[in-house]
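A look at the structure
The primary structure of each chain is shown beneath.
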Amino acid sequence: MTLTASKHLKLNRFYITDQTILTKFPGEKQRVHLDRHSFDLEHEIFRSEEKDGSFEFLVNLNIKINIEEKPGYVISLGAVGEFTLTKGHEMTENKEAGYVLGSALPMIINSARVYLMNVTSFYSFGPYLLPVVEMAELMKKE
């Protein structure tokens, strides 16, 4: 199957705005479990007043891994995606929301996931893989 790039949504740039990774080391008999985590995700959209269709998507992640038993990571990450949404005459508000929340937001979350996996691979406990986010649950909060 041949795929084509979206003619409506373009990711122009992705970058990290803030990063803090704390490592809580285990005692002699403690084990590190990177699958025991909690995380909060906040997002905000900033629309450009100068450029029609341009917007920035800011995502903040706060992650606590194995915090109850102490060893693990505490991570705070800010990430931004700069997008352009080309609106044609067929672009409805529902379609626009689909591109913004259904495509742009998952792209930023996935880019942050890859970034965290790469960065934490150099840390003591090895790579942390952000779990899959329930997008339907996240969109209900909108």
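Quick caveat, the model's predicted, so the values are computed rather than measured.

What follows deals with the packing of aromatic side chains. Counted according to the given criterion, the structure contains 4 aromatic pairs. With a centroid separation of 6.5 Å and an interplanar angle of 65°, the aromatic rings of Phe 55 and Phe 57 are classed as edge-to-face. Neither residue differs from the other here; Phe 55 and Phe 57 are each classed as buried. On the basis of an interplanar angle of 90° and a centroid distance of 6.0 Å, the ring pair of Tyr 73 and Tyr 123 is categorised as edge-to-face. Of the two residues, Tyr 73 sits in strand S4 (residues 72-85) while Tyr 123 sits in the loop between helix H1 (93-120) and helix H2 (135-140), which places them 50 residues apart along the sequence. Three or more aromatic residues link up through ring pairs in this structure, and these residues are Phe 55, Phe 57 and Phe 83. Geometry around Tyr 15 places Arg 13 over its ring, the cationic atom sitting 4.3 Å from the centre. We note Arg 47 situated over the ring of Phe 55; from NZ or CZ to the ring centre the distance is 5.7 Å.

This paragraph deals with the side chain of Thr 120. Within the secondary structure layout, Thr 120 lies in helix H1. With a relative accessible area of 0%, Thr 120 lands in the buried category.

Applying the stated rule across the entire model yields 2 salt bridges. Here Glu 82 makes a salt bridge to Arg 13, at a shortest N to O gap of 3.7 Å. One end of the pair, Glu 82, is in strand S4; the other, Arg 13, is in strand S1 (residues 9-24), and 69 residues separate them in sequence. Of the charged contacts, one joins Glu 96 and Arg 47 as a salt bridge, the two residues approaching to 3.6 Å between their closest N and O atoms. With Glu 96 in helix H1 and Arg 47 in strand S2 (residues 37-47), the pair connects residues that are 49 residues apart, well separated along the chain.

Below, the discussion takes up the sheet that holds strand S3 (residues 54-65). Overall, antiparallel pairing links the 4 strands, which are arranged S1-S4-S3-S2 in an open sheet. Two strands in the sheet have a free side with no partner beyond their single neighbour: S1 and S2. Neighbour-to-neighbour, the strand axes of this sheet turn through a mean angle of 10°, independent of strand direction. When S3 meets S4, the two strands line up antiparallel, connected through 11 bridges. What sits directly across from Val 59, in S4, is Ala 79. Contacts from H1 reach S1, S2, S3 and S4 within the one sheet, and its direction differs from that of S4 by about 140°.

Looking now at the pairing of S3. Alignment of S2 against S3, held across 11 bridges, turns out to be antiparallel. From the neighbouring strand, Leu 41 faces S3, where its bridge partner is Leu 61.

Calculation rules
Residues numbered from 1 in each chain as written. Predicted model: local features only at pLDDT ≥ 70, side-chain atom pairs only at ≥ 80, totals over all residues. Heavy atoms only, no water. Phe/Tyr/Trp six-rings, centres within 6.5 Å; stacked < 30°, edge-to-face > 60°. Buried < 20%, exposed > 50% of the residue type's maximum accessible area, 1.4 Å probe, protein only. Helix = DSSP H or I, 4+ residues; strand = E, 2+ residues; numbered from the N terminus. Lys NZ or Arg CZ within 6 Å of the ring centre and 35° of its normal. Salt bridge = Lys/Arg side-chain N within 4 Å of Asp/Glu carboxyl O. Pairing = 2+ DSSP bridges. Axes fitted to C-alpha atoms, helices over the stretch in contact; angles between N-to-C directions. Contact = heavy atoms within 4.5 Å.

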